[in-house]
Amino acid sequence: MTTPHGGDVRLAGLSKTYGSFTAVHPLDLAVPRGSFFALLGASGCGKTTTLRMIAGLEEPSSGSVLLGDRDVTALPAYKRPVNTVFQSYALFPHLDVFENVAFGLRRRGIRAVRKQVADMLDLVQLGDRAHRKPHQLSGGQQQRVALARALINRPEVLLLDEPLGALDLKLRRQMQRELKRIQTDVGITFIHVTHDQEEAMTMADTVAVMHAGRVEQQGAPAGLYENPRTAYVAGFLGTSNLIEATVGGRSGDGIVVTAGGHRLLLPAVRCAADAPPGGTVLAGVRPEKISLTHADDAVQVPEERNRITGVIADTGFIGVSTQYAVDSPGCGALEVYVQNLDRDTRLVPGADVVLHWDPQHTFGLDAAPGHGAERSDVALDDVAAERSAAGRAAAGKSAT
Ligand code: ATP
């Protein structure tokens with residue numbers, strides 16, 4: 001199905017304050033036409049407020065919303081070529097699926113709706129449920145009706161506010177694939193708000209990570225994951241080991257840093273911090289990039305790898321991998337995920353180990369206050385607390 005659709009969504013200095021509280025700091029954002037864009041962040045970071053300002057459901061305190069070249073800031077919600085799908089499906093309970101989907105067309109006085117509704121129901125794979133009432137459908141099916149009901153209006157932009165939040169995990173994963181397929185089919189710009197990093201990363205072309213009313217970083221999921229620019233992003237998208245290190249000097253394209261007496265190489269292009277000699281940076285590495293070797297075999301670790309020594313504090317077998325918590329003097333508590341291929345039975349709590357990785361997998365972050373983290377463990381505790389608050393908020397919403 002091809003749909004005529006307009007241009008980019010652009011936000012220019014868009015902000016929202018409630019009294020003395022700033023929910024969204026002046027925000028500049030461009031969402032490319034036809035893309036799947038996710039606003040990702042913990043509960044209360046301002047993502048729903050941003051979405052509601054795009055929809056016209058919330059008046060901005062400053063700034064403007066542009067759709068293509070058109071400034072729609074002053075337009076009421078119903079005059080914007082934008083539709084919103086909420087977590088609560090808000091279907092009409094007394095109407096069957098067909099009539100729920102046909103609603104927008106009928107309201108515009110269109111009488112011949114059969115073909116369009118049938119096409120839309122096929123798109124969301126509910127052609128055989130057309131005459132059921134909403135209460136006769138599963139949560140996932142109801143969500144798909146809500147989607148069809150919004151898409152039939154051919155909006156230029158579809159806004160999705162935690163649309164999968166009320167679904168159980170399995171259905172959620174299934175619907176994520178469905179949503180992505182539908183978006184690719186219709187080619188409409190989707191802006192999706194979620195606190196679930198996996199959801200954002202699986203579906204979106206671009207993810208913008210929001211924190212305390214600001215977008216900290218945006219980019220393609222893999223790029224964000226591999227090259228986080230702040231400690232917050234590093235901790236919110238997956239898990240990161242952040243090691244406080246002292247800058248030595250340069251070595252070719254790399255920056256030499258030391259932590260706990262270990263010399264580590266950090267590619268200059270992957271360092272988001274100023275790194276003057278003698279300064280402090282956070283050297284980051286993802287747990288799955290690290291290999292774990294028993295100290296007895298340390299000589300086998302290739303010379304060019306970054307390496308840190310430590311003692312295994314804890315292990316957790318989770319099927320596809322084993323997660324190790326390692327204490328390393330001077331580098332703190334580190335996490336390592338090892339795929340379960342040939343398990344080394346010596347890797348048990350108390351074992352002396354060498355953690356080593358390709359220096360290319362090291363990223364550098366600003367360790368200064370105001371740049372996401374004063375200390376890595378503080379930043380990550382903060383993220384963990386926000387994540388669990390986001391989870392609790394979602395659970396609370398699901399229950400309503
Ligand atoms: P969640 O995932 O929990 O929905 P969110 O990131 O979407 O969170 P928003 O709903 O955008 O967050 O809220 C951002 C901040 O603005 C929150 O701290 C919230 O308490 C505050 N806020 C939202 N609406 C109002 C309001 N009408 N009056 C005062 N504060 C508000």
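Residues numbered from 1 in each chain as written. Predicted model: local features only at pLDDT ≥ 70, side-chain atom pairs only at ≥ 80, totals over all residues. Heavy atoms only, no water.

Novice: What is the right way to read the domain arrangement of the chain from this model?
Specialist: It is common to report an interface's size as the accessible area lost on association of the parts. Domain boundaries in the chain define domain 1 (9–228 + 379–399) and domain 2 (231–366). Opposite the 21 residues of domain 1 that make contact, domain 2 presents 15 residues. Carbon and sulfur atoms make up 64% of the area that domain 1 and domain 2 hide from each other, which totals about 1700 Å². Of the charged contacts in the structure, one is a salt bridge between K289 and E226, with a shortest N-O distance of 3.2 Å. Joining domain 1 to domain 2, the criterion identifies six residue pairs in polar contact (both at pLDDT 80 or more). Listing elements by their share of the side of domain 1 that touches domain 2, those giving two or more residues are β3 (36–41), α6 (197–203), β9 (206–211), β10 (214–219), α7 (221–226) and α9 (376–399). (Domains from an automatic or database assignment. Contact = heavy atoms within 4.5 Å. Buried area = accessible area lost by both parts, 1.4 Å probe. Salt bridge = Lys/Arg side-chain N within 4 Å of Asp/Glu carboxyl O. Polar contact = N/O pair within 3.5 Å; in protein donor to acceptor, adjacent residues only side chain to side chain. Helix = DSSP H or I, 4+ residues; strand = E, 2+ residues; numbered from the N terminus.)

Novice: Which parts of the structure should I look at to understand the site of the ligand?
Specialist: The immediate surroundings of the ligand are formed by twelve residues, with S43, G44, K47, T48 and T49 found nearest. For the ligand, the protein covers 62% of the area, taking 640 Å² as the surface of the free molecule. Of all the elements, helix α1 (residues 47–55) adds the most residues to the shell around the ligand, at three residues. Residue composition of the shell around the ligand, grouped by class: five nonpolar, five polar and two charged. (Near = heavy atom within 4 Å. Areas by Shrake-Rupley, 256 points an atom, 1.4 Å probe, with all protein chains shown as cover. Nonpolar A, V, L, I, M, F, W, Y, C, P; charged D, E, K, R; others polar.)

Novice: Please explain the pattern of salt bridges as it appears in this structure.
Specialist: It is possible for side chains of opposite charge to pair when their charged atoms get near one another. Counting across every chain of the model gives 15 salt bridges. Of the charged contacts, one joins D119 and K115 as a salt bridge, the two residues approaching to 2.7 Å between their closest N and O atoms. Here K115 and D119 lie together in helix α3 (residues 114–123), a separation of four residues that amounts to about one turn. What makes K115 exposed here is its relative accessible area of 57%. (Buried < 20%, exposed > 50% of the residue type's maximum accessible area, 1.4 Å probe, protein only.)

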